[in-house]
Amino acid sequence: MVEDDATIARAVRHRLVAEGFDVRIAGDGEEALAAYAKAEPDVVVLDRLLPGLDGLEVCRRMQAARPVPVLMLTALGEETDLLVGLGVGADDYMAKPFSMRELVARVHALLRRVERASQLAADDTVLRIGDVEIDTAERRVYVRGEEVQLTRTEFDLLRRLAERPGQVFERERLLADVWGFSEAAATRTVDSHVRALRRKLGSGVVRTVHGVGYALVRS
């Protein structure tokens, strides 16, 4: 748990400990990176705004050292800021103030997704939709033969859409299938990740069905 507000950090720690987690707290970026190298956590809850190194740089350095699921907390709420966070490797984000129940649910969901991804890695299927090629075993994505770097969540979302090209997936279903929870208020998470996919793969790869959800475009 990386949070410079001691009151929030203690409250989150208390709740997660009650859920069976061993929680370490860091109050700034440098402390977080040192603790990360030593503790090798299974999941990181990371505040976006930190003294010294900000949460974006901390996330970038963590992912470069050893990939880990990251839930980013932000008080900013701007779409561009959220996309930057996803771009440096955050798997999910929550806006402050947040529900403690929802935070716990998202932490559990992140851990379930890691376990599910390990199981799916045994599948050596290569999916091809238009110019996009998805190697499910290696978790690599190529566009016209050039590899594109996706975050863990972006890959999982793309794979889910690619399993049924052309089918429209409701946002709530994608939340359940990819994130492992179905909070109606969290559908903006799906929207932000779709925007990130479009930015990396091309604007025409994912189609919006207004009022419903998204579909991977057949070519």
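Remember, predicted model here, so these are calculated numbers, not experimental data.

(A) Here's a closer look at the pairing of strand β4 (residues 126–129). Here β4 shows one buried face, formed by Leu 127 and Ile 129, and one open face, formed by Val 126 and Arg 128. By the bridge criterion, four bridges tie β4 to strand β5 (residues 132–135) in an arrangement that is antiparallel. Directly across from Arg 128, in β5, lies its bridge partner Glu 133. With antiparallel pairing between neighbouring strands as the criterion, β4 and β5 make up a hairpin whose turn holds two residues, including Gly 130 at a positive phi of roughly 60°.

(B) View of the UniProt feature "modified residue: 4-aspartylphosphate" (unreviewed entry) in the protein. Mapped onto the present numbering, the UniProt feature "modified residue: 4-aspartylphosphate" (unreviewed entry) falls at Asp 47. Along the chain, Asp 47 falls in strand β1 (residues 44–47). In contact with Asp 47, not counting residues within four places along its chain, are Val 2, Glu 3, Asp 4, Gly 55, Leu 73 and Lys 96.

(C) Expanded view of the packing of helix α2 (residues 29–39) against helix α3 (residues 55–65). In contact at an axis separation of 10 Å, α2 and α3 are set at 15° when each is read in the N-to-C sense. Classified by the angle their axes make, α2 and α3 are roughly parallel. The interaxial crossing formed by α2 with α3 has right-handed handedness. Where α2 approaches α3, its residues Gly 29, Ala 32, Leu 33 and Tyr 36 are matched on the opposing element by Val 58, Arg 61, Met 62 and Ala 65.

(D) Geometry of the packing of helix α6 (residues 152–162) against helix α8 (residues 187–201). Contact geometry for α6 and α8: axes closest at 10 Å, N-to-C directions at 90°. In this view, α6 runs roughly perpendicular relative to α8, as classed from their interaxial angle. Residues Thr 153, Glu 154, Leu 157 and Leu 158 of α6 pack against His 193, Val 194, Ala 196, Leu 197, Lys 200 and Leu 201 of α8. Here the contact of α6 with α8 is built from residues that sort into six nonpolar, two polar and two charged.

(E) Layout of the environment of Val 68. Tracing the backbone through its elements, the reader meets Val 68 in the loop between α3 and β2 (70–74). In the structure, Val 68 is positioned 24 residues away from Val 44 in sequence and 7.2 Å away in space, judged by C-alpha atoms. Residues in contact with Val 68, not counting those within four places in the same chain, are Tyr 36, Pro 41, Asp 42, Val 43, Val 44, Gln 63, Asp 91 and Arg 152.

(F) View of unusual backbone geometry. In the segment running from Lys 96 into Pro 97, the intervening peptide bond is cis, with an omega of -5°. Its identity as a non-glycine residue notwithstanding, Glu 40 has a phi of 50°, on the positive side. Structurally, Glu 40 can be placed in the loop between α2 and β1. Residues other than glycine seldom take positive phi values, yet Arg 144 does so here, at roughly 50°. As for its placement among the helices and strands, Arg 144 is situated in the loop between β6 (140–143) and β7 (146–148).

Rules and cut-offs
- Residues numbered from 1 in each chain as written.
- Predicted model: local features only at pLDDT ≥ 70, side-chain atom pairs only at ≥ 80, totals over all residues.
- Heavy atoms only, no water.
- Buried < 20%, exposed > 50% of the residue type's maximum accessible area, 1.4 Å probe, protein only.
- Helix = DSSP H or I, 4+ residues; strand = E, 2+ residues; numbered from the N terminus.
- Pairing = 2+ DSSP bridges.
- UniProt positions renumbered as here; feature names shortened; annotations may be inferred.
- Contact = heavy atoms within 4.5 Å.
- Axes fitted to C-alpha atoms, helices over the stretch in contact; angles between N-to-C directions.
- Parallel < 35°, antiparallel > 145°, perpendicular 65-115°, else oblique.
- Left-handed = near helix turned anticlockwise from the far one by under 90°.
- Nonpolar A, V, L, I, M, F, W, Y, C, P; charged D, E, K, R; others polar.

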